[in-house]
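Report on the structure
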Amino acid sequence: MGAPQAIIFDCDGVLVDSETISIAVEREMLSGWGLDYPFETFVSRFVGLHNRDFHAALAADAISNGRPLPEDFADQLQAQIWRRFETDLTAIGGVLDAVAAFAGAIAVASSSEAAKLVRKLQLTGLHAAFAPHVYSSDLVTNGKPAPDLFLYTARQINARPENCVVIEDSVNGVKAARAAGMTAWGFVGGGHADAGLGERLLSAGAHRVFASHAQIAAALS
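Overview of the structure.

What counts as what
- Residues numbered from 1 in each chain as written.
- Predicted model: local features only at pLDDT ≥ 70, side-chain atom pairs only at ≥ 80, totals over all residues.
- Heavy atoms only, no water.
- Helix = DSSP H or I, 4+ residues; strand = E, 2+ residues; numbered from the N terminus.
- Expected span 1.5 Å × (residues − 1).
- Buried < 20%, exposed > 50% of the residue type's maximum accessible area, 1.4 Å probe, protein only.
- Arc of directions from axis to C-beta.
- Pairing = 2+ DSSP bridges.
- Axes fitted to C-alpha atoms, helices over the stretch in contact; angles between N-to-C directions.
- Contact = heavy atoms within 4.5 Å.

1. Things to note about helix 4 (residues 73–88)
- The end-to-end C-alpha distance of helix 4, which contains 16 residues, comes to 22 Å, matching closely the 22 Å that a straight helix rising 1.5 Å per residue would cover.
- Among the residues of helix 4, F73, L77, Q78, I81, W82 and F85 are the ones counted as buried. On an axial view of helix 4, the arc spanned by its buried residues comes to 150°, and they lie on one face. Turned more than 90 degrees away from the buried face of helix 4, the exposed residues are D75, R83 and T87.

Structural data, given as structure tokens:
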């Protein structure tokens, strides 16, 4: 593609450093129920999913493991994560510089539930930079890795999919962007990024991988 006309940012692990908190809490609590996932497996399977899909997958794994999760496990998990978010959540450095470097349309498209997505952006001082174009998978039938959310977002900002760049830190998100016919840029600047994340994003279809928002700003300016 030529110069992009629109940039669509994922939120968790791209704009806010939430994945490092979520993954730590999730793996610790799941281990207590006999579900021990290697880090790379956990990140590749689950990061980028809407909570409804994440918890459905966990419930199925627990049943297969012979120890079903309690009915309120999802609520317990979210409560613990949000206690950490309210005190520890930060923006990933350089986000606003990357936004300022781009003259086209900008939006957020996240698997987070709508109210929680807005709260994360507010906690980190980023909401005003993207509002009103902040879109949750709650708005579509199928979450990532399906293309629905990115196609919905493109319609809201009057952009053709082939003219959009998506910034994603997850395999599921990159697959969704590619399925939408968009250019996928992988991001490995979040606190949860392990040494193999960039290669996994490239294998999933990312066109390029960036280690910081400064690199993205340079590519856009």
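2. Considering the pairing of strand 2 (residues 105–110)
- Most of strand 2 sits out of view: five of its six residues are buried.
- Here strand 1 (residues 6–9) runs beside strand 2; their pairing, made up of four bridges, is parallel. Among the inter-strand pairings, F9 is bridged to a residue of strand 2, identified as V108.
- Where strand 2 lies against strand 3 (residues 134–136), three bridges are found, and the strand directions are parallel. Among the inter-strand pairings, V108 is bridged to a residue of strand 3, identified as V134.

3. Focus: the environment of A128
- Mapped onto the elements of the fold, A128 is located in helix 7 (residues 127–130).
- Sequence spacing of A128 and D10 is 118 residues, and the spatial spacing of their C-alpha atoms is 16 Å.

4. Remarks on the sheet that holds strand 5 (residues 183–187)
- The six strands lie next to each other as 3-2-1-4-5-6, forming an open sheet whose pairing is parallel. The sheet terminates laterally at strand 3 and strand 6 (208–210), the two strands that pair on one side only. Ignoring strand direction, the axes of neighbouring strands in this sheet form an average angle of 25°.
- Against the sheet, helix 10 (residues 197–204) makes contact with strand 4 (164–168), strand 5 and strand 6, and its axis sits at roughly 150° relative to strand 6, the strand it touches most.

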